[in-house]
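Fold and geometry: a report
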Amino acid sequence: MSRRACVAAILGCTISVFCTNASAQYAGNELGSVRHKQFASPQRFALELRFGPYKPSIDSEPGVSGAPYQTVFGSSYRVLAAVEFDWQALRIPHFGSIGPGLSFGYTSMGAKANFSTCPSSGSCQSAENTSLDVFPLYAVGVLRIDVLMKDFGIPLVPYGKAGAGLAFWRASNDAGTSSYGGVAGKGHTWGTQFAAGLALSINWLDPRAARSLDSAVGINNTSIFGELMWANLNGFGGAGSLYVGTTTFIGGLNLEF
Amino acid sequence: MRLSLVIGGAVASLALSATAFAAPTLTLTPTIQRFYQDGTVPAQHGMPASTQGLNFDDCNNNVKIRFTLSMSTVDTSNYSLQAWAGPSDCAPVAARTASTAACWPVLAGNVAQASTTTVDVNVRDIAAQIGRTTTSIALSYSPASASVCSSGVSGANQINVYFLLVPSANGDATGANSPFKIKLTGPPAPTVTSVGSGDGLLNVNWKAATDSDTQGFYLFTDPPLTPISDAGAVTVCTDAGFSDGGVDDGGNPINIPNDASCSSTPISVADGGVCGTSALQAGVAGSLLKAFSTGTPTGNTSSSVSVTGLTNGLTYNVAVAAIDSYGNIGPISAPTSPTTCGSPAPIDDFWKIYRKDGGGAGGSCDISQTEGAPLFGLALLGLGAAWIKRRRK
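The structure reproduced in this document is the subject of the present report. Nothing here was measured: the structure is a model prediction, and the numbers come from that model. (Residues numbered from 1 in each chain as written. Chains lettered and ligands numbered in written order. Predicted model: local features only at pLDDT ≥ 70, side-chain atom pairs only at ≥ 80, totals over all residues. Heavy atoms only, no water.)

Side chains carrying opposite charge are able to pair once their charged atoms draw close together. Tallying each qualifying case throughout the model produces 15 salt bridges over all chains. A:Arg50 serves as the salt-bridge partner of A:Glu48, at 2.9 Å between the closest nitrogen and oxygen. A:Arg50 carries the same exposure label as A:Glu48, and that label is buried. B:Arg34 is the salt-bridge partner of B:Asp58, the closest N and O atoms lying 2.5 Å from each other. Separated by 24 residues along the polypeptide, B:Asp58 in helix H2 (residues 56-60) and B:Arg34 in strand E2 (residues 33-35) bring together distant segments of the chain. What makes B:Arg34 buried here is its relative accessible area of 9%. Here the salt bridges share partners, and the residues they tie into one network are A:Glu48, A:Arg50, A:Glu84, A:Asp86, A:Arg144, A:Lys161 and A:Glu227. (Salt bridge = Lys/Arg side-chain N within 4 Å of Asp/Glu carboxyl O. Buried < 20%, exposed > 50% of the residue type's maximum accessible area, 1.4 Å probe, protein only. Helix = DSSP H or I, 4+ residues; strand = E, 2+ residues; numbered from the N terminus.)

Here you go:
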């Protein structure tokens with residue numbers, strides 16, 4: 001046996017063992033996957049609770065000379081919290097599902113503003129807050145390749161998303177919405193939205209509980225997921241848009257029902 | 001036959017006598033009214049729900065409490081109608097007798113009897129002898145001065161105002177009463193811990209003193225938030241009444257401020273002056289310094305507030321006073337330089353820096369003008385919940 005064949009065999013065995021274990025646990029010790037499918041309710045939708053670090057790419061806006069975002073808010077990430085609702089409109093047998101998804105989220109960043117002219121003594125930092133609130137939304141097409149989970153018992157579901165995004169935002173201070181030069185610090189930014197991720201079904205951790213959840217409230221599958229999200233909220237590259245998008249890692253919980 | 005006529009006549013005679021000598025009864029209309037001495041109606045202040053509450057301002061302004069009395073029978077030959085106040089029952093003669101007295105008179109002389117009559121009683125007279133011992137209570141009426149309002153009586157004191165029909169022989173009386181709770185001191189002074197500055201604003205933080213009845217705080221600034229155009233000073237009169245101002249059309253005395261009780265506190269409308277040396281002096285009851293008030297009290301027991309609309313470049317002296325459920329304003333916080341002062345100044349917030357750096361966004365609709373955005377999020381949650389609910393059925 002050649003070295004390449006040996007490596008392939010070892011790798012195959014490893015995957016096989018993992019798949020066998022996962023499959024066995026996923027199907028349940030007693031009932032098995034076939035019996036589970038007999039109890040499975042129809043699956044049409046998915047709801048995601050999404051969380052991740054967020055730092056808008058405002059400083060990359062063309063025409064911006066300095067780094068206003070980093071100057072005020074620093075380089076640390078804030079937390080994005082969002083929900084996404086997917087309609088698994090089309091099911092492709094032995095492959096997966098495809099359908100539209102909508103999401104709504106919120107993130108905010110705040111800091112103490114500096115005085116325009118630092119006092120001769122004491123701190124240059126004022127007591128006034130300056131903040132930026134961002135409400136990202138998007139509509140995407142979602143492709144979930146769940147053939148591994150449904151046909152082979154491997155609880156992994158790769159998926160991808162593509163579509164358009166829109167973020168409403170508002171810059172404010174303690175007096176309300178900021179304004180400078182007669183321009184109010186509020187608006188919205190369009191852009192594109194992409195994501196690629198992998199979901200790990202956790203039904204196999206407790207198949208009996210998973211079946212109970214399905215029969216009780218219709219939740220077929222519970223997963224944790226991680227994805228790389230590209231929120232290119234830059235006004236499609238046009239001028240005069242606040243670049244509130246970012247590229248970041250998102251994790252969370254997915255409920256399919 | 002003759003005997004029965006005699007008996008019948010005797011019974012009828014007794015009945016007539018009983019009617020003729022039945023003691024009159026008094027009824028007090030539950031709702032009382034409050035008036036300043038000039039007849040205007042003071043603003044309602046916080047009161048405990050179960051009783052009428054009277055505070056320092058009521059006492060200092062000598063607010064009149066107007067009672068409405070109804071008598072079943074006017075009987076001036078056997079009874080006198082008198083007004084008393086005290087913490088306990090004033091009907092027994094012992095409560096109105098020297099050395100055992102628990103009550104004190106609140107009107108000079110007797111009240112004129114009528115089937116229906118209104119009687120005004122001054123708050124100072126009600127509060128006059130709170131806390132006195134039985135042997136020190138004065139039983140002859142004398143109008144109370146403003147000093148009773150600052151007599152140091154602390155806490156809420158239950159005082160009942162009695163209208164009594166006192167027999168000619170000065171025995172135990174009958175009548176009606178109205179309960180009051182009188183609290184003349186506000187909460188202890190808070191301590192201002194920091195004053196931060198921003199663009200036309202001050203963020204004031206303080207630590208409240210321990211008090212079970214603190215309902216909110218007044219913030220004072222020197223110079224005032226709204227400058228007083230004609231003021232070089234605030235004139236404070238501690239005695240608002242009893243100087244002779246003649247009588248009004250209704251024959252009621254007009255009380256004018258007693259000039260001897262007035263003093264002037266200078267206000268610098270341009271600047272609060274050197275920090276810690278403002279007209280806002282510690283220990284002064286806040287109600288006397290309302291000219292410096294930034295407006296309505298905070299209405300809660302939080303320990304910070306942001307004041308906007310201030311003038312950049314001025315030094316503001318800041319003080320805080322707590323208010324209680326009666327509307328009493330306690331003494332103001334002690335001035336400490338530089339902790340209790342702040343100077344608003346322009347700031348560079350994110351938006352200003354972004355625009356100055358060449359950012360071109362802004363001015364279009366945002367989330368606050370697009371109610372659909374948050375609704376969209378809620379709709380997502382609603383869709384999921386509805387689906388789960390449907391599946392459960």
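This is not the end of the story, as more comes after the structure.
Residue and element names in this part refer to chain A. Turning to helix H5 (residues 207-217), its buried residues are Pro207, Ala210, Arg211, Asp214 and Val217. Taken around the axis of H5, the buried residues stretch over an arc of 165 degrees, which confines them to a single face. Counted as exposed and oriented over 90 degrees from the buried face of H5: Arg208 and Ser215. Once H5 ends, the next one or two residues include Gly218, with phi positive near 85 degrees. (Arc of directions from axis to C-beta.)

Below, the discussion takes up the sheet that holds strand E19 (residues 341-342) of chain B. All names here are of chain B. With respect to topology, 3 strands assemble into an open sheet ordered E12-E18-E19, the strand pairing being antiparallel. With one partner strand each, in any of the chains shown, strand E12 (214-222) and E19 form the two edges of the open sheet. Examined bridge by bridge, E12 and strand E18 (residues 316-324) share 8 bridges and lie antiparallel to one another. Looking across to E18, one finds that Gly216 is bridged to Ile323. (Pairing = 2+ DSSP bridges.)

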